[in-house]
Amino acid sequence: MEEIKKAILDFAETSKKTKFYFKDIEKAVKKVIPDAKPREIKKAATALINAEKLIYFSTGSSTMYGLKGRGQTEDH
Amino acid sequence: MAFEPREEQTKLIYDELRIYSDEELNNYTEEELKNFKCKHDIPDLDEMEKGPWPSYVADAKREALHRRNLAEDRMLIHRDVVEDLLGQVQLSFDEGETHWKHGGIVGVFGYGGGVIGRYSDVPDKFPSIAHFHTIRVNQPASKFYDSDYLRTICDLWEFRGSGLMNMHGSTGDMVMLGTFTEQLEPIFFELTHKLQQDIGGSGSNLRTPSCCVGKARCEFACIDTQDMCYEFTHYYQDELHRPAFPYKYKFKFDGCPNCCVASIARSDMSFIGTWRDPIRIDQEAVQAYIGGEIEPAGGSHRGRDWGKFDIQKEVIDRCPTHCMHMEDGKLMINMADCTRCMHCINVMPRALRPGTDTGVSILFGAKAPILEGAQMGILTIPFMRCESPYDNIKEVVEKIWEWWPEEGKNRERLGELIQRQGVRKLLEVLDIPPMPQMVREPRSNPYIFWKEEDVPGGWDRDINDYRSRHKR
Ligand code: SF4
Ligand code: SF4
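Computed from a predicted model, the values in this text were never measured in an experiment. (Residues numbered from 1 in each chain as written. Chains lettered and ligands numbered in written order. Predicted model: local features only at pLDDT ≥ 70, side-chain atom pairs only at ≥ 80, totals over all residues. Heavy atoms only, no water.)

(A) Here's a closer look at the interface of chain A and chain B. With 26 residues of chain A at the interface, the matching set in chain B holds 33 residues. Of the roughly 2,400 Å² buried between chain A and chain B on both sides combined, carbon and sulfur atoms contribute 48%. Taken together, the links from chain A to chain B amount to 4 salt bridges. Across the pair B:Glu239 and A:Lys42 runs a salt bridge whose closest N-O atoms are separated by 2.8 Å. Between the two partners, chain A and chain B, sit 12 residue pairs in polar contact (both at pLDDT 80 or more). Mapped by element, the contributors of at least two residues to the side of chain A that touches chain B are α2 (22-32), α3 (38-50), β2 (54-58) and β3 (63-67) of chain A. The dominant element in the side of chain A that touches chain B, judged by the number of residues it contributes, is α3(A), at 5 residues. Its residues placed into classes, the side of chain A that touches chain B shows 7 nonpolar, 11 polar and 8 charged. (Contact = heavy atoms within 4.5 Å. Buried area = accessible area lost by both parts, 1.4 Å probe. Salt bridge = Lys/Arg side-chain N within 4 Å of Asp/Glu carboxyl O. Polar contact = N/O pair within 3.5 Å; in protein donor to acceptor, adjacent residues only side chain to side chain. Helix = DSSP H or I, 4+ residues; strand = E, 2+ residues; numbered from the N terminus. Nonpolar A, V, L, I, M, F, W, Y, C, P; charged D, E, K, R; others polar.)

Right, here's the structure in full:
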């Protein structure tokens, strides 16, 4: 779990785009930890949301994730 | 089956929870309403009130006037929110352009859905709707409310929001329209702690499941839609609130093929109650319909003279599969050909009833047009037993949720993935054989694609062995 969280944060800090889909997170984690299960990745992402490291970014119809403090993160 | 809530529920009592007094709720006269003028000029919206149908403009004006007459400290967002909303809509009509910006980082803590950020892009003109976020409220199964609940939620929304609501549009949920960011957490707190009410789904997650009135009131219900909806809402909470799907995913539950929540057209996974044994026929009641003693269709066409009821014309000839006929004064149905369309049962409900060997049909992939055109659900599982706790059905759900999130592209609905990879792939995922019920039309593709494991010897062959039998 900690390993997955770290992989997510590494990706969120360095990704080209500041907002990304869950699938992008999955891909990035699997690059580092090939046998990570989607369920574990989701759990880790949720834990990071709850720890206020990641944020949800919603367009209304679809949802993206972002790193808190990176890109547009305040209410506009 | 008696309803047993998962958590203890206390009865809401409006008089204990209310925010406004009766005087505050009834704070304008019809005379004042007639003379009401919005602070912005809204000629096109005024025009909309004149049509034959009830207009949201009329409702919005009532609300605007109501807010004008409330004391300043009795609303936590701007008094003018409704008037500014009407003003902005008029501006959009004038310019032929929307002035809403969607989305952003609004939400409540830990939830990835249920709140949709919306902002005006002309806040200088319409400051009261600089923020106009909507909140989706997860409606109870079949939308049963009592007035204590409704009045409490209306008070809450008047106090912390615009007072405008949308009851069960195409999303299904109760939608509270328009509030500011700082009100979101307090509203969520009040909803969950006082009203025992969760918010609904939005974004790339499981959307608020919804169901028809089912066994609570409807004699046609073949499955307990309310129980299923409740069970699936609870069981899949995590998918409802923590988005990790490529796009939205909807469950809807209809008790019979009349499809009152239109699950067949509106949900990625549509559950429709059905039966396997013969339609139950009461031949005496059939005769009573023929004799005009019982009104057809429960009297729903009453009030105009349609002539004498004609069972041949109105029932038998309208059966889509021509599987009914009269024999010695008795109505006969060839059940092997019946597609359970419900027509005959709807016309003669006292004479015909669904069978008693009931279960569910499952259809996949309905959606509105975004990438590809709109499509209806594909009948994939013609019949499945459907009893609490629905483990067999949850297994099907989870098979789909292993495939679609893995193979689906971002923003690709299940129906589009099925189009892209084919129904054959869907059947493989579900591990079920093709069945005649799945065929929508005669085949138009002349090719058959074999899979290696279906061909004896696979793709490899021994060329020498082949040549021993076939000369060059
Ligand atoms: S879908 Fe069928 S069971 Fe449900 S309310 Fe409509 S008619 Fe009744
Ligand atoms: S339910 Fe529909 S298909 Fe079946 S017998 Fe009645 S009319 Fe025909």
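(B) Up close: the site of ligand 2. Lining the immediate surroundings of ligand 2 are B:Cys319, B:Thr321, B:Cys323, B:Met324, B:Ile333, B:Cys338, B:Thr339, B:Arg340, B:Cys341, B:Met342 and B:Cys344. Given that more than half its atoms are within 2 Å of the pocket grid, ligand 2 belongs to the largest cavity. (Near = heavy atom within 4 Å. 1 Å grid on protein atoms, 1.4 Å probe; cavity = no way out; pocket = protein on both sides within 12 Å on 5 of 7 lines; lining within 4 Å. Sits in = over half its atoms within 2 Å of the grid points.)

(C) How the structure looks around the layout of surface pockets. Residues and elements named next belong to chain B. Considered as a void within the structure, the largest pocket measures approximately 2,000 Å³ in volume. Lining of the largest pocket is provided by 49 residues; of these, Met435, Gln437, Met438, Val439 and Arg440 occupy positions nearest its centre. Looking at the lining of the largest pocket, the elements that each hand over two or more residues are β9 (269-275), β14 (358-364), β15 (378-384), α16 (414-421) and α17 (423-430). When its residues are assigned to classes, the lining of the largest pocket shows 27 nonpolar, 11 polar and 11 charged. The two domains that each donate at least three residues to the lining of the largest pocket are domain 2 (210-276 + 358-438) and domain 3 (280-353). (Points joined across faces, edges and corners; volume = space filled by probe spheres on them. Domains from an automatic or database assignment.)

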